[in-house]
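A closer look at the structure
So the chains spell out like this:
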Amino acid sequence: MANLYVRSLHVHPVKSVAGAAPDEVAVEPWGLSADRRWALVDSAGKVITQREQPRLALASARPLEGGGVAVAAPGMAGLVVEVPEPGPLEPVALFGKKVETVVAARAGGDWFSTYLGIPVRLVHMDDPAVRRPVDPDYALPGETVSLADGYPVLLTTLASLDALNSLIARGDHPEEGPLPMDRFRPNVVVAGAEAWAEDGWRRVAIGDAVFRGARECGRCIVTTSDQRTAERGKEPLKTLARHRRIGKSLAFGRLLVPVRTGTVRVGDEVRVLE
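What you see is a predicted model, and the numbers here were worked out from it, not measured in a lab.

1. Structural notes on the layout of surface pockets
Of the voids in this model, the largest pocket is the one considered here, and its volume is about 920 Å³. Along its surface, the largest pocket is lined by 37 residues, and Phe95, Ala148, Asp149, Gly150 and Tyr151 are the ones closest to its centre. Listed by contribution, the elements that provide at least two residues to the lining of the largest pocket are strand 10 (97-103), strand 12 (153-157), strand 15 (209-218) and strand 17 (249-260). Per element, the largest residue contribution to the lining of the largest pocket is 4 residues, and it comes from strand 15. For the lining of the largest pocket, a count of residues per class yields 16 nonpolar, 6 polar and 15 charged.

Following this line, the structure appears as C-alpha cells:
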C-alpha cells in the first residue's frame, strides 16, 4: 500500500443530506459523479442546508443509475425520485448567488416537506458545465461546480482529524470528542499523511484524476451537528477558532478542483505533485 492512499470516498447526492460511500467513483470537471446535484429550497427559493435544518443529517440519499436518487429518513417510507425532464429553469438562491435549476417531481418536495414540517421543493442541477462558476477569487477560467458549497471536491486526512481530536480533548469541551469524519462531509479521505500536510497541497493525483488545491476549507455551524442525532454542540468550531484560523477561515480540509477527470478508487495512491 502506498504511503498516502484513499481511505474512503463519499458522495452526497442531495445537498446537506447523508450520502453514500462507494468503492470507486468517476471524477467530473465539477466534482465527483452524483455529488450534490440535488438540493432543497424553501418557499422563497433559498437553498436549505443543515445550517437551518439540522434534521437533514438524519435523511439519506443514494445515487441511482441515470442520476435519480433513493431517499430515506426516520419515520418515512422510502422514495425514488427520477431526474426531471428538461423544462423551465428555476433560479434559486445559494449563498446569495442565483443558480438555475430544474424543479423535480412534486412527490420529492412533498416527501421532504412532510419530513421537515415546512414547505420545500426539491430541485436538480441539470447541466453543471454551465450553471455555476467556482468562486472567481480562487478559480481558473471555465471552472464550474455543482450545488456544493463552493468548490468541486473536499479532501480531508485522518491525521488531521486525529490532531484536531487531540486538541479538543485538551480544550473546553472534551466531552464532545472525539469527532468522527462525517462531521466534515468530505468527498475524499486520505490516510498516511502527516497532520495538516494537506494545507500545502497545490496539485494532487489520485487514480486517473488530477486536482489542483484551490484553498483551505472554512468550516461552518454544520460541523457542530452530530450526523447521527442532529444535536448541536460547540465543537469543532471552538477548537478550530483557537488553533486553525487561516485568514477569515476556521480551516479543516483542502478544497480541490479537477484538472484531469478519471476514476478514483478506495486504496488508490495519492501523489502530491506540488
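2. Description of the sheet that holds strand 2 (residues 24-28)
The strand order across the open sheet formed by 3 strands is 3-2-18, and the pairing between neighbours is antiparallel. What marks the edges here is a single partner per strand, and that holds for strand 3 (31-32) and strand 18 (262-265). Two strands pair when backbone bridges link them, and strand 2 and strand 18 are joined in this way by 4 bridges, in the antiparallel orientation. Looking across to strand 18, one finds that Glu24 is bridged to Arg265.

3. Structural notes on helix 1 (residues 106-116)
All of the buried residues in helix 1 are Gly108, Gly109, Trp111, Phe112, Ser113, Tyr115 and Leu116. For helix 1, the elements touching its buried residues are strand 4 (38-41), strand 7 (69-73), strand 8 (76-81) and strand 11 (121-124). Gly117 lies just past helix 1 and shows a positive phi near 80°.

4. Looking at the side chain of Arg254
Mapped onto the fold, Arg254 is located in strand 17. Separated by 3.0 Å, the side chain of Arg254 and the backbone oxygen of Trp201 make a polar contact. Aside from chain neighbours lying at most four places away, what touches Arg254 is Val153, Leu154, Leu155, Glu198, Asp199, Trp201, Gly213, Arg215 and Glu216.

5. Notes on the packing of aromatic side chains
Taken as a whole and judged by the stated rule, the model has 5 aromatic pairs. A ring pair is formed by Tyr138 and Tyr151, whose centres lie 6.4 Å apart and whose planes are at 70°; its orientation type is edge-to-face. Within this pair, whereas Tyr138 is found in the loop between helix 2 (128-131) and strand 12, its partner Tyr151 is found in the loop between helix 2 and strand 12, the two being separated by 13 residues in sequence. On the basis of relative accessible area, Tyr138 is assigned to the partly exposed category, the value being 32%. Relative accessible area serves as the criterion here: at 9%, Tyr151 is assigned to the buried category. Seen in terms of ring centroids, Trp196 and Phe252 are 6.0 Å apart; in terms of plane orientation they differ by 90°. Their pairing is edge-to-face. You can see Trp196 sitting in the loop between strand 13 (188-191) and strand 14 (203-206) and its partner Phe252 sitting in strand 17, a full 56 residues away along the chain. By relative accessible area, Phe252 is classed as buried at 0%. Feature note: the residues Trp111, Phe112 and Tyr115 constitute an aromatic cluster, connected by ring pairs. Above the plane of the ring of Tyr115 lies Arg55, whose end atom (NZ or CZ) is 4.1 Å from the centre. Its guanidinium or amino end placed over the ring of Trp196, Arg244 lies 3.9 Å from that ring's centre, counting from NZ or CZ.

6. Considerations on the environment of Val83
Looking at the secondary structure, you find Val83 in the loop between strand 8 and strand 9 (90-94). Distance in space between the C-alpha atoms of Val83 and Gly68 is 5.1 Å, their sequence separation being 15 residues. The contact partners of Val83, leaving out residues within four places of it in the chain, are Trp38, Gly66, Gly67, Gly68 and His124.

7. Digging into the nonpolar core
Judged by nonpolar contacts, the single largest core of 20 residues is most densely connected at Val188 and Ile206. With near-sequence residues (within four places) excluded, Ile206 lies in contact with Val6, Leu155, Val188, Phe211, Thr263, Val264, Asp268, Glu269 and Val270. Of all hydrophobic cores here, the second largest spans 19 residues; its members include Ala59, Ala73, Leu116 and Leu122.

8. A closer look at the sheet that holds strand 8
Paired through their backbone hydrogen bonds, the strands of a sheet run either parallel or antiparallel. Strand order in the open sheet made by the 3 strands is 6-7-8, with antiparallel pairing throughout. The open sheet has two edge strands, strand 6 (60-63) and strand 8, and neither has a second partner. If you compare each strand with its neighbour and ignore which way they point, the axes differ by 15° on average. Inspection of the sheet shows strand 6 paired to strand 7 by 4 bridges, in the antiparallel sense. In the sheet register, Arg62 faces strand 7, and the bridge partner there is Ala70. Packed on one face of the sheet, helix 1 meets strand 7 and strand 8 and runs near 155° to strand 8.

9. Looking at helix 3 (residues 158-169)
Along its 12 residues, helix 3 runs 16 Å from first to last C-alpha, staying within 8% of the 16 Å computed at 1.5 Å per residue. Every buried residue of helix 3 is accounted for by Ala159, Ser160, Leu161, Ala163, Leu164, Asn165, Leu167 and Ile168. For helix 3, the elements touching its buried residues are strand 12, helix 4 (237-243) and strand 17.

Scoring rules and cut-offs
- Residues numbered from 1 in each chain as written.
- Predicted model: local features only at pLDDT ≥ 70, side-chain atom pairs only at ≥ 80, totals over all residues.
- Heavy atoms only, no water.
- 1 Å grid on protein atoms, 1.4 Å probe; cavity = no way out; pocket = protein on both sides within 12 Å on 5 of 7 lines; lining within 4 Å.
- Points joined across faces, edges and corners; volume = space filled by probe spheres on them.
- Helix = DSSP H or I, 4+ residues; strand = E, 2+ residues; numbered from the N terminus.
- Nonpolar A, V, L, I, M, F, W, Y, C, P; charged D, E, K, R; others polar.
- Pairing = 2+ DSSP bridges.
- Buried < 20%, exposed > 50% of the residue type's maximum accessible area, 1.4 Å probe, protein only.
- Contact = heavy atoms within 4.5 Å.
- Polar contact = N/O pair within 3.5 Å; in protein donor to acceptor, adjacent residues only side chain to side chain.
- Phe/Tyr/Trp six-rings, centres within 6.5 Å; stacked < 30°, edge-to-face > 60°.
- Lys NZ or Arg CZ within 6 Å of the ring centre and 35° of its normal.
- Core = buried A, V, L, I, M, F, W, Y, C linked by side-chain atoms within 4.5 Å.
- Axes fitted to C-alpha atoms, helices over the stretch in contact; angles between N-to-C directions.
- Expected span 1.5 Å × (residues − 1).

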